[in-house]
Protein chains: 2
Amino acid sequence: MSNSKLYKGSLTTIILKLLNESDKMYGYEMTQKVKQITKGELNITEGALYPALHKLEAEGLLDVEVQKVDNRLRKYYKLTESGVKETTNKLSELENYIKTMQALVSPKFSLE
Amino acid sequence: MSNSKLYKGSLTTIILKLLNESDKMYGYEMTQKVKQITKGELNITEGALYPALHKLEAEGLLDVEVQKVDNRLRKYYKLTESGVKETTNKLSELENYIKTMQALVSPKFSLE
DNA sequence: ATATATACATAATTTACTTATGCATAAATA
DNA sequence: TATTTATGCATAAGTAAATTATGTATATAT
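Just so it is clear, the model here is predicted, and its values are computed rather than measured. (Residues numbered from 1 in each chain as written. Chains lettered and ligands numbered in written order. Predicted model: local features only at pLDDT ≥ 70, side-chain atom pairs only at ≥ 80, totals over all residues.)

A.B. asks: Is there a simple way to explain unusual backbone geometry in this structure?
C.D. replies: Peptide bonds are, in most cases, trans, and in most cases residues other than glycine have a negative phi. Positive phi, normally seen in glycine, also occurs at asparagine 71 of chain A, with a value near 65°. Locating asparagine 71 of chain A in the fold gives a position in the loop between β2 (62-69) and β3 (72-79). Despite not being glycine, aspartate 23 of chain B shows a phi value in the positive range, around 70°. Mapped onto the fold, aspartate 23 of chain B is located in the loop between α1 (11-22) and β1 (25-26). (Helix = DSSP H or I, 4+ residues; strand = E, 2+ residues; numbered from the N terminus.)

The structure is reproduced here in structure tokens:
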């Protein structure tokens with residue numbers, strides 16, 4: 001992930017959401033998908049992505065399945081049951097964050 | 001700042017926006033204002049706030065003026081000229097971040 | 001008398017990145 | 001044919017921005 005410092009903390013949410021939509025994906029595929037969806041706005045770096053995937057796996061939110069395609073390795077990740085639940089949590093957290101920030105930065109504030 | 005990890009990276013933007021609206025504020029006042037606006041959702045911690053204010057001052061984005069009120073110190077901060085410019089930048093960065101994240105997490109993606 | 005609110009500050013630690021590097025194969029290009 | 005670019009993984013070192021834990025001091029409420 002390069003670009004704005006604001007993206008810090010969002011990577012896990014992005015990964016979970018991708019897997020929630022696509023059922024099963026491998027790391028490199030995620031970087032390309034995000035680049036495509038955000039029109040190049042957000043580029044996930046490998047140094048951020050792979051450790052994040054390992055962590056989610058260690059926490060039991062993801063399962064892995066290794067495949068060999070065109071003589072190259074691919075590690076396909078998919079959500080576990082608790083991964084599905086956590087996706088819901090993370091998404092509502094994000095929604096909430098966005099609402100809170102919009103309240104804070106809307107012109108002239110919302111509560112005045 | 002406690003709560004969600006998503007808020008990481010937002011503090012500077014929040015401070016600048018507060019000062020952009022209120023002309024001049026002191027640290028403690030900011031924590032109370034944010035608590036009020038977000039209905040307790042976001043609590044800025046002192047360990048995050050004061051170093052952030054010092055950094056913004058060091059970068060020339062804020063000016064300070066010390067006052068004594070009720071026998072207690074208050075350090076009033078206000079935006080410098082370049083602080084005003086940076087506020088604009090940070091706010092459009094935030095807007096952009098929110099749009100990007102909404103594209104990523106909107107149900108079933110926006111570009112499919 | 002004691003706790004809570006007001007008001008600042010900093011040090012130690014943690015977390016989540018970036019940047020840099022490494023390995024390996026396939027395809028495109030000079 | 002040599003070299004770069006794309007595909008695909010991984011990790012180590014360094015950095016930024018928090019959290020958590022303290023510390024000081026005064027005023028007010030219980």
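A.B. asks: I tried to follow the interface of chain A and chain B on my own but got confused; where do I start?
C.D. replies: How big an interface is tends to be expressed through the accessible area that disappears when the partners come together. With 28 residues of chain A in contact, the opposing surface of chain B contributes 28 residues. Counting residues per element, the side of chain A that touches chain B draws most heavily on helix α4 (residues 81-105) of chain A, at 10 residues. Residues of the side of chain A that touches chain B, tallied by class, amount to 16 nonpolar, 5 polar and 7 charged. (Contact = placed C-beta atoms within 7 Å. Nonpolar A, V, L, I, M, F, W, Y, C, P; charged D, E, K, R; others polar.)

A.B. asks: Would you take a moment to explain the protein's contact with DNA strand C for this structure?
C.D. replies: What surrounds DNA strand C is a group of 28 residues, the closest being Gly47 and Asn71 of chain A together with Tyr26, Gly27 and Tyr28 of chain B. Secondary-structure elements contributing two or more residues to the surface near DNA strand C are α3 (46-58) of chain A together with α2 (27-37), α3 (46-58) and β3 (72-79) of chain B. Residue composition of the surface near DNA strand C, grouped by class: 10 nonpolar, 9 polar and 9 charged. (Near = placed C-beta within 6 Å.)

A.B. asks: What's the story with the relation of the copies chain A and chain B in this structure? I'm lost.
C.D. replies: Turning one copy of the chain about an axis and sliding it along that axis gives the other copy, so a rotation and a shift relate them. Of the transformation placing chain A onto chain B, the axial shift is 0.0 Å and the rotation is 180°, giving an RMSD of 0.0 Å. This pairing of chains is accounted for by a two-fold axis. Both copies contact each other with a shared surface, as 100% of the interface residues of chain A are interface residues in chain B too. (Least-squares fit on C-alpha atoms with pLDDT ≥ 70 in both.)

A.B. asks: How should the protein's contact with DNA strand D be read in this particular structure?
C.D. replies: Around DNA strand D, 29 residues are found, and the nearest of them are Gly27 and Tyr28 of chain A together with Leu11, Gly47 and Asn71 of chain B. Elements with a minimum of two residues in the surface near DNA strand D: α2 (27-37), α3 and β3 of chain A together with α1 and α3 of chain B. Looking at the surface near DNA strand D element by element, the count peaks at 5 residues for α3 of chain A. Its residues assigned to classes, the surface near DNA strand D shows 10 nonpolar, 10 polar and 9 charged.

Fair warning: the whole summary comes from geometry, so function is off the table for now.
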